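Per-entry structural report
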Amino acid sequence: MHGHSGPQVDGDGNPAGVLGSVQPSPGPGPVPSPARPPAKPPEDEPDADGYESDDCTALGTLDFSLLYDQENNALHCTISKAKGLKPMDHNGLADPYVKLHLLPGASKANKLRTKTLRNTLNPTWNETLTYYGITDEDMIRKTLRISVCDEDKFRHNEFIGETRVPLKKLKANHTKTFSICLEKQLPVDKTEDKSLEERGRILISLKYSSQKQGLLVGIVRCAHLAAMDANGYSDPYVKT
Ligand SMILES: [Ca+2]
Ligand SMILES: [Ca+2]
């Protein structure tokens with residue numbers, strides 16, 4: 001808003017024109033003001049968004065490292081820190097934590113998370129989360145999804161950004177360090193996710209006996225069952 005101060009510019013901010021000076025106090029009558037486009041606010045962005053509108057700086061960056069310990073069938077995920085996270089709360093901050101998810105797979109044993117750090121956009125976790133029962137085949141087939149979220153007390157936690165690492169990128173017994181730009185949630189079609197998701201294989205035999213008028217079901221064995229327990233294994237049984 002302009003006050004009545006500037007001698008070169010009238011009350012509406014119009015150029016003073018050829019006269020070179022304008023009455024300092026506007027007269028009492030209605031002043032015809034020509035229609036003009038709404039004044040554009042000056043392009044000063046807040047510091048946090050100052051660099052670029054690119055996803056990388058918009059969502060933040062994440063530093064982590066991964067180590068597949070082949071002998072112990074363990075995948076160690078060390079979540080170091082994030083920087084410049086997108087503000088997710090009214091106070092301009094967030095309460096970030098990191099969630100890990102081994103894909104494909106939907107069981108709880110596939111999910112791990114760090115603790116939540118309060119009111120920060122530059123959290124340092126330095127936490128190592130470990131998946132047990134990881135096989136060489138998992139290392140070829142599976143993808144680690146790492147997402148950063150904002151914990152909220154009175155509503156659902158909010159997703160900030162994620163990255164995905166196909167485990168075949170890792171060399172056994174060799175720590176690989178990543179420093180990545182968080183991305184928006186990659187669209188995961190739930191049905192597609194389900195079809196991709198293999199929960200294991202079962203070998204059965206079926207035989208219809210006309211003599212006994214019965215169906216004989218033989219349960220032979222299972223392989224590559226999805227881990228349903230936190231130790232990376234399951235205690236399976238078969239129901240018919
Ligand atoms: Ca929030
Ligand atoms: Ca929050």
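Our structure is the block above this text.
To keep things clear, this report deals only with the structure shown in the data block.

Calculation criteria
- Residues numbered from 1 in each chain as written.
- Chains lettered and ligands numbered in written order.
- Predicted model: local features only at pLDDT ≥ 70, side-chain atom pairs only at ≥ 80, totals over all residues.
- Pairing = 2+ DSSP bridges.
- Helix = DSSP H or I, 4+ residues; strand = E, 2+ residues; numbered from the N terminus.
- Axes fitted to C-alpha atoms, helices over the stretch in contact; angles between N-to-C directions.
- Core = buried A, V, L, I, M, F, W, Y, C linked by C-beta atoms within 7 Å.
- Buried ≥ 20, exposed ≤ 12 C-beta atoms within 10 Å, placed from the backbone.
- Contact = placed C-beta atoms within 7 Å.

1. What to know about the sheet that holds strand β8 (residues 176-181)
Taking strand neighbours across the sheet as the criterion, the four strands line up as β5-β2-β1-β8 in an open arrangement whose pairing is antiparallel. One side of each edge strand has no neighbouring strand; the edge strands of this open sheet are β5 (124-132) and β8. Taking each pair of neighbouring strands and ignoring which way they run, the sheet shows an average axis angle of 20°. With nine bridges joining them, strand β1 (residues 61-69) and strand β2 (residues 74-83) adopt antiparallel strand pairing. Across the sheet, residue T61 finds its bridge partner in β2, namely K83.

2. A word on the sheet that holds strand β3 (residues 96-103)
Strand order across the open sheet formed by four strands is β4-β3-β6-β7, with antiparallel pairing between neighbours. Strands with a single pairing partner mark the edges of an open sheet, and in this sheet they are β4 (111-113) and β7 (158-166). Here the average twist between neighbouring strands, direction ignored, is 20°. As paired elements, strand β6 (residues 143-150) and β7 share eight bridges and run antiparallel to each other. Counterpart to L144 in the pairing with β7 is V165.

3. Comments concerning the nonpolar core
With 26 residues, the main nonpolar core has L62, C77, V98, L100, I146, V148 and I160 as its most contacted residues. Contributing elements (two or more residues each) for this core: β1, β2, β3, β5 and β6. Leave out the neighbours within four places in its chain, and C77 touches F64, L66, L100, T128, L129 and L144.

4. Points about the pairing of β6
For β6, the tally of buried residues reaches six of eight residues, placing the bulk of the element in the interior. Where β3 and β6 come together, eight bridges link them in antiparallel fashion. Bridge pairing in β6 links H101 to R145.

5. Remarks on unusual backbone geometry
That bond from L103 to P104 is cis: its omega, -10°, falls within 30 degrees of zero. Here P104 shows up in the loop between β3 and β4. The backbone phi angle of Q213 is positive, close to 55°, even though this residue is not glycine. Secondary-structure assignment places Q213 in the loop between β9 (201-209) and β10 (214-223). Residue class for Q213 comes out exposed when judged on the 7 C-beta atoms lying within 10 Å of it.

Geometry only, nothing functional implied.
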